[in-house]
Amino acid sequence: MQSVSQCFHCGEPNPNNTPFKVTINGVQQKMCCPGCEAVAQTIVDSGLSSYYEHRTEVASKGESLIPEELQQLEHYDIEQIQSDFTKSTGSSTEITLTIEGISCAACAWLIEKQLRFLPGLVFVNVNTTLNRAVIRWDNEQLVLSKILQQIQKIGYKAYPFQVNQQELFYTQQVKSYLRRLGLAGLATMQVMMFAIALYADFFSGMEEEFIHYFRWVSFILATPVLLYSAQPFYANAWRNIRNKTLGMDIPISIALLGAYSASGYATIMGRGEVYFESVSMFTFLLLLGRLLELRARRKASETSSNLLRLLPAMATLLETNNGEAIQQLIPAKTLQPGQHILVKPGETIAIDGKIIDGQSNIEESMLTGEHLPVFKKSQDNVYAGTVNINGILTIEVIKVGNNTLISDIIALQNSAQLCKPRIEVMADTVSRYFVGALLVTATLTYIGWSIIDSEQAFWITLSVLVATCPCALSLATPTALTCATAQLNKHGILIKQHHVLETVNNIKHVVLDKTGTLTQGNFKLLNTHILNHKCFPKSVNQQQICIDLAANLEVNSEHPIAIAFTQLQSQKLSLNNIKNMPSQGMQATWSHLQEEHNIKLGHAKFCKVEHALSSQELLIYLTIDDQLAAIFELGDQLRDSAAGLINFCQQKHLDVTMLTGDISNKSEEVAKQLNIKHVVKGVSPQQKLAYIQTLQQSQPVMMIGDGINDAPVLAGAHVSVALSSGTDIAKNSADVILLGSDLQKISLLTTNAKKTTTIIKENLGWAIGYNIIIVPLAIMGLVPPYVAVLGMSFSSLIVVSNSLRLLK
């Protein structure tokens, strides 16, 4: 334990009766100086207290950090801190940031443009719906603090995405909007009373001094609305102007300041019209629209936050002390691989691990979308966020924190939501130029109406400035994609690539692997046929040695048939030069009694076997020194959902082909059972890819697979789907991952993709149609200012609300 006479942050001696203290993890710790106090408080306020739990040595003294606020960001460069929210791949690191201050597509474009100047930046993508950014950089050229500083320089605040911080930020935003909205609402009611009375001539016959007095009262009431309630619009507009970009808040700010200035001048000079009621009402309605839009966006983006809330903060660690088992409740994030935890009935599992004792039903619906509990026993894998229903389990920790499956799901969801399809990029570009065109149009409108009717020129120009809504255009696509991916995730469908929801609508041909995709991949050894007794060494159990040879070979394979052999293995054999030939088999050198034998295990063609056993099951051949030693018959069952998927494809008039490396008669049997007319069997990974490429020359193709031999074709298909039970390389190559075993989720993916495309078209149609109609009407003076501001506010709200239908 660290001595109380030492600074908790830097380890240097504390002065007597030091007044510098910081509460860390619920305990008040003493600091040696105000510098260390400031740095420690920054770490705590940033939600990074776990740094002090995991650090291997004390930090440097913090005095030099006090004068420079930006240097506080350098704490994010500390490896122990970064490990909580970054993922590293080779020399590059990736992080998801929450960014405060984003209001439209122009903000996202500005941040991306600014960061791309940084040397070492590999990738950046900003999502306006989520207010988040995914950033990837080269560790050797760039550090995280430089990225955060660059974002701060252009007027935004960024910090690592964490659920609690995101919740706090959202709550603060709502409270801020409510305060500004309340002030604007009260002032609007008061000012509108005077305005209506003046316009309705209620004060006819009253002396001019009293009318002028009411104008001054309106001036005073409208001032706090302009200076406080409308402040977010000015801040965004100034940020855009300072960085030489055009955002939607620029015309809004011009309209508000113009109306207020003209009204103030008329009040002071005692002549002309005043628009204080318009200033107050505009601000109130605009803030109301922003608040409703904020809540709608929140609804669209809350799925990933809800997933993170599934993870428990504490876990029961099992330790042994002098042969006695001890249970200790500790923070789940401090667990390390290899440790053991106890999970009682009703508790949520905190880590990814393997059951080493006990059995239970596990509720995995939050991951797979399948609501029936799954029975798990010893040696089965369990995942963080799932619920133990009825048994007591002892689990070995395998993965913690950012490495768990639920974290991977969230990362994939965020990645899919943050990537921009072509239609969104185009809409963002149009919305940026739209603001420039709007300012030009408003200027020409004012000049034109000054010639036609100078008294009408100002309020008509005001209507033109606030009526149009480029924001609805930039929100049309990202809000729909965010809701669609969130809904698919709830059903265990993970979208990895942004183009999927666009491309799925055009698919005309579905190609499926057989083993592990249409079938369960749970092979069982039915029969072992010994064919050549002479090729075996003397004094061995020939049947068992065949199984052991196969098992020792297959232990190096991820193919589903490996389980059929490895669970029957009785001894470990000396095998060297093991080679895995995807879609063909495996070969090795077997050392036995100082003799070496070349062995092969695979299909007949790979083993160069002409004689084939007549069977409807999968046949695997074993040769020793090029002599056929044994034939294994393996049984596998169809997935329950396979027939449903084929029926769906046929109903939608999609061509279906089974593409498999298996050359046995099992391929025809499966095709006959499922009514698949096209079968291509006995093909290598390269031949699979060539076949798909040939198909794709004439029609869009979806490939569904699960194995190593499917990886090239999954990477090459227009849309590729991998099952979560498949190999890692297959899942890495696929565009979509299905959690669970239900192939009929493909129909849900297709239906959701079509619905998403329809809603995006509706959103874009509304956004474009609204602006095409409202602009000419506003220019002609047919749109009063209050109607204009209502139209602008609710245009964005309609787009977001329409997208929320995807969550139903």
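As a starting point, this report considers the structure included with it. All values derive from a computational prediction rather than experimental measurement.

The rules we used
- Residues numbered from 1 in each chain as written.
- Predicted model: local features only at pLDDT ≥ 70, side-chain atom pairs only at ≥ 80, totals over all residues.
- Heavy atoms only, no water.
- Phe/Tyr/Trp six-rings, centres within 6.5 Å; stacked < 30°, edge-to-face > 60°.
- Helix = DSSP H or I, 4+ residues; strand = E, 2+ residues; numbered from the N terminus.
- Buried < 20%, exposed > 50% of the residue type's maximum accessible area, 1.4 Å probe, protein only.
- Lys NZ or Arg CZ within 6 Å of the ring centre and 35° of its normal.
- Patch = residues over 30% accessible without salt bridge, like charges linked within 9 Å, V, L, I, M, F, W, Y side chains within 5 Å.
- Areas by Shrake-Rupley, 256 points an atom, 1.4 Å probe, with all protein chains shown as cover.
- Salt bridge = Lys/Arg side-chain N within 4 Å of Asp/Glu carboxyl O.
- Pairing = 2+ DSSP bridges.
- Axes fitted to C-alpha atoms, helices over the stretch in contact; angles between N-to-C directions.
- Contact = heavy atoms within 4.5 Å.
- Expected span 1.5 Å × (residues − 1).
- Right-handed = clockwise from strand over helix to strand, strands pointing away.

**A few points about the packing of aromatic side chains**
Any two aromatic rings considered together are summarised by their centre-to-centre distance and by the angle between their planes. Applying the stated rule across the entire model yields six aromatic pairs. On the basis of an interplanar angle of 20° and a centroid distance of 5.2 Å, the ring pair of Phe219 and Phe276 is categorised as stacked. Highlighted residues: Phe219 in helix H7 (residues 208-229) and Phe276 in helix H10 (residues 276-309), separated in sequence by 57 residues. Here Phe219 falls in the buried class, since its relative accessible area comes to 15%. Accessibility expressed as a relative area gives 0% for Phe276, which makes it buried. Ring geometry for Tyr260 versus Phe276: centroids 6.2 Å apart, planes at 70°, classification edge-to-face. Here the residue Tyr260 occupies a position in helix H9 (residues 249-269), and Phe276 occupies one in helix H10, the gap between them amounting to 16 residues. One exposure class covers both Tyr260 and Phe276, and it is buried. Grouped by ring-pair contacts, the aromatic residues Trp216, Phe219, Tyr260 and Phe276 constitute a single cluster. Positioned above the aromatic ring of Tyr228 is the side chain of Arg180, whose terminal nitrogen or guanidinium carbon lies 4.6 Å from the ring centre. Sitting over the ring of Phe606, Lys600 keeps its end group 5.2 Å from the ring centre.

**Quick notes on unusual backbone geometry**
Positive phi, normally seen in glycine, also occurs at Gln379, with a value near 80°. Assignment of secondary structure puts Gln379 in the loop between strand S13 (374-376) and strand S14 (381-382). A residue is classified by how much of its surface remains accessible, and Gln379, at 49% relative accessible area, is partly exposed. Of note, the phi angle at Asn675 is positive, near 60°, even though the residue is not glycine. Inspection of the secondary structure assignment puts Asn675 in the loop between helix H22 (666-674) and strand S26 (678-680).

**Looking at a nonpolar patch on the surface**
A cluster of nonpolar residues, Val440, Leu444, Tyr446, Ile447, Ile451 and Ile452, forms a patch on the protein surface that exposes about 650 Å² of accessible area. Tracing the backbone shows Leu444 in helix H13 (residues 422-452). According to the relative accessible area criterion, Leu444 is exposed, its value standing at 57%.

**What about the sheet that holds strand S19 (residues 524-530)?**
The strands making up a sheet associate through backbone hydrogen bonding, with each pair oriented either parallel or antiparallel. A sheet is described by the order of its strands in space; here six strands give the open sequence S19-S24-S23-S22-S21-S20, paired in antiparallel fashion. Two strands bound the open sheet, and with one partner strand each, they are S19 and strand S20 (575-581). Neighbour-to-neighbour, the strand axes of this sheet turn through a mean angle of 20°, independent of strand direction. Of the strand pairs in this sheet, strand S21 (residues 585-592) and strand S22 (residues 595-602) are connected by eight bridges, and their pairing is antiparallel. Bridging across to S22, Trp590 finds its partner in His597.

**So, the pattern of salt bridges**
This model, assessed by the stated rule, comprises seven salt bridges. The shortest N-O distance in the salt bridge between Arg136 and Glu94 comes to 2.9 Å. Here Glu94 lies in strand S4 (residues 92-100) and Arg136 lies in strand S6 (residues 132-138), a separation of 42 residues in the sequence. Residue Arg136 is classed as partly exposed on the basis of its relative accessible area, which comes to 26%. Residue Glu762 is joined to Arg805 by a salt bridge in which the shortest nitrogen-to-oxygen separation is 3.0 Å. Here Glu762 is found in helix H26 (residues 745-779), whereas its partner Arg805 is found in the segment after helix H27 (785-804), with 43 residues between them in sequence.

**Some points on the environment of Leu526**
If you trace the backbone, Leu526 turns up in strand S19. Of the residues examined, Leu526 reaches a relative accessible area of 44% and is grouped as partly exposed. Expressed as a C-alpha distance, the spacing of Leu526 and Glu617, which sit 91 residues apart in the sequence, is 9.0 Å. Those residues in contact with Leu526 that sit more than four places away from it in its chain are Glu617, Glu633, Leu634 and Gly635.

**Comments concerning the pairing of strand S2 (residues 27-30)**
When a strand is regular, its side chains alternate between the sheet's two faces. As defined by bridge partners, strand S1 (residues 21-24) adjoins S2 across four bridges and the pair is classed as antiparallel. From the neighbouring strand, Thr23 faces S2, where its bridge partner is Gln28.

**Some details on helix H14 (residues 454-467)**
Structural remark: α-helix, 3.6 residues per turn; residues separated by three or four positions point the same way. For H14, with 14 residues, the first-to-last C-alpha span of 20 Å sits near the 20 Å given by 1.5 Å per residue. Counting buried residues in H14 gives 10 out of 14 residues, a clear majority hidden from the surface. Buried residues of H14: Ala457, Trp459, Ile460, Thr461, Leu462, Ser463, Val464, Leu465, Val466 and Ala467, and no others.

**Some remarks on the pairing of strand S25 (residues 655-659)**
The element S25 is largely enclosed, with a buried count of four among its five residues. Two strands pair when backbone bridges link them, and strand S18 (residues 509-512) and S25 are joined in this way by four bridges, in the parallel orientation. The partner of His509 across the bridge, within S25, is Asp655. As judged from the three bridges shared by S25 and S26, these two strands associate in the parallel manner. Residue pairing in the sheet places Thr657 in a bridge with His678 of S26. The β-α-β motif built from S25, the intervening H22 and the parallel element S26 has right-handed crossover chirality.

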